[in-house]
Amino acid sequence: MRKKIVAGNWKMHKNAEETEDLLNDLIDKLPNDVEAQIIVAPTFVNLASAVDHLEFTNIAVAAQNMHQTEAGAFTGEISADMLKSIGVNTVIIGHSERRAYFNETDAILANKVSTALKHDMVVIFCFGEELKDRQDNQHFNVVENQLRDGLFHIENKDWELIVLAYEPVWAIGTGETASPEQAQEMHEFIRETVRKRYGNTIAEDVSILYGGSVKPENAGEIFSKPDVDGGLIGGAALKAEDFSKIVSAI
Ligand code: PGA
């Protein structure tokens, strides 16, 4: 079944105390009567405390990344097993900042997806074109290739653990948002691409989130589009009031 989801990607923000404050604020301000699944992704060092803190709430915790290998000599890295062992069952994979600044290629991402699925983790798989791709009218090709090379090796049964997040790079943290029509056009294309490869049921059931400068002011219109099933929120997820308004807009 397709779900409504609003996820907050905190990126490299909030120390331990600030994390606790924001979580308390969210518990206070988030509406309890929404049907959407709510997810927050604090930094690695604050994941365990976030899981504890949110135990009796309907807010789930995700990691922002993980390593593709089970264990080994990979200084500074975190494995799927480590995440699972502290109660984190969801992971963001393929964020454009990981692709751009940490050289995560489609092949690496495909491995990460496989490892996460092996551990029964929910994968929020991110992808999206850069500004130049759109200017060159290559955005559909780029997105199709990212899906094919990073994700389309998985089996039909794996799709119940997959959430897609379309994030045009030119809209991330720039204040510039894709118009609701641009988002819908791309989301429809993404669903069609999934349909061609995996069939109608999987295409209709998968949740496709939009990410890129979603704010309280534009969330309602973007979320109203038929193929937009929620959002992956960066900057506006760092303020409980804004995030709550976005969740209420779903
Ligand atoms: P933004 O980030 O909302 O700050 O644009 C979105 C994201 O990177 O997931």
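One numbering rule holds for all chains: residues counted from 1, following each sequence as written. Thresholds applied to this predicted model are a pLDDT of at least 70 for local features of residues and 80 or more for the giving and counting of side-chain atom pairs; totals over whole chains, interfaces and linings are not thresholded and use all residues. Computation of side-chain values covers all heavy atoms of the structure but excludes hydrogens and water.

Student: Summarise the UniProt feature "binding site: substrate" (unreviewed entry) in the chain; cite the residues concerned and give the values.
Tutor: UniProt positions are given in the numbering used here, feature names are shortened, and annotations may be inferred rather than shown by experiment. Under the local residue numbering, the UniProt record ascribes the feature "binding site: substrate" (unreviewed entry) to Asn9, Trp10, Lys11, Gly173, Ser213, Gly234 and Gly235. In sequence the annotated residues extend across 227 residues, while in space they remain close, none of their C-alpha pairs exceeding 14.0 Å. Each helix is a run of DSSP H or I of at least 4 residues and each strand a run of E of at least 2, with the numbering of both proceeding from the N terminus. Of note, asparagine 9 is situated in strand 1 (residues 5-9). Only protein chains enter the accessibility calculation, which uses a 1.4 Å probe; a residue whose area is less than 20% of its type maximum is buried, one above 50% is exposed, and one in between is partly exposed. We classify asparagine 9 as buried; its relative accessible area is 5%. Pairs of N or O atoms are called polar contacts if they sit within 3.5 Å, as long as, within protein, a hydrogen donor faces a hydrogen acceptor (for residues adjacent in sequence, only side-chain-to-side-chain pairs). Separated by 3.1 Å, the side chain of asparagine 9 and the backbone nitrogen of lysine 11 make a polar contact. Within the secondary structure layout, glycine 173 lies in the loop between strand 6 (162-166) and helix 8 (180-198). The exposure class assigned to glycine 173 is exposed, which follows from its relative accessible area of 75%.

Student: Summarise the site of the ligand; cite the residues concerned and give the values.
Tutor: Taken together, 13 residues lie near the ligand, and Lys11, His95, Glu167, Gly173 and Ser213 sit nearest. One of the side-chain N or O atoms of lysine 11 is found 2.7 Å from an oxygen atom in the ligand. Between an oxygen atom of the ligand and a main-chain N or O atom of serine 213, the distance comes to 2.7 Å. For accessible areas, the Shrake-Rupley method is used with a probe of radius 1.4 Å. Any residue's cover is judged against the shown protein chains and nothing else. Here the ligand has 280 Å² of accessible area as a free molecule, and 95% of this is covered by the chains. A single heavy atom is enough: if one lies within 4 Å of a molecule or strand, its residue is considered near that molecule or strand.

Student: Tell me about the UniProt feature "active site" (unreviewed entry) in the chain, and name the residues and values.
Tutor: The feature "active site" (unreviewed entry), as annotated in UniProt, sits at His95 and Glu167 in this numbering. A stretch of 73 residues holds the annotated residues, and the largest C-alpha distance among them is 8.3 Å, short enough that they meet in one place. Along the polypeptide, histidine 95 turns up in the loop between strand 4 (90-93) and helix 4 (96-101). Its relative accessible area of 5% is what places histidine 95 among the buried residues. In this analysis, two residues are considered to be in contact whenever any of their non-hydrogen atoms come within 4.5 Å of each other. In contact with histidine 95, other than residues within four places in its own chain, are Asn9, Lys11, Cys126, Glu167 and Ile172. By secondary structure assignment, the location of glutamate 167 is in the loop between strand 6 and helix 8. Ignoring sequence-local partners within four residues, the contact set of glutamate 167 consists of His95, Cys126, Phe127, Gly128, Ile172, Gly211, Gly212 and Leu232. Reaching out from glutamate 167, the side chain makes a polar contact with the side chain of histidine 95 at a distance of 3.3 Å.

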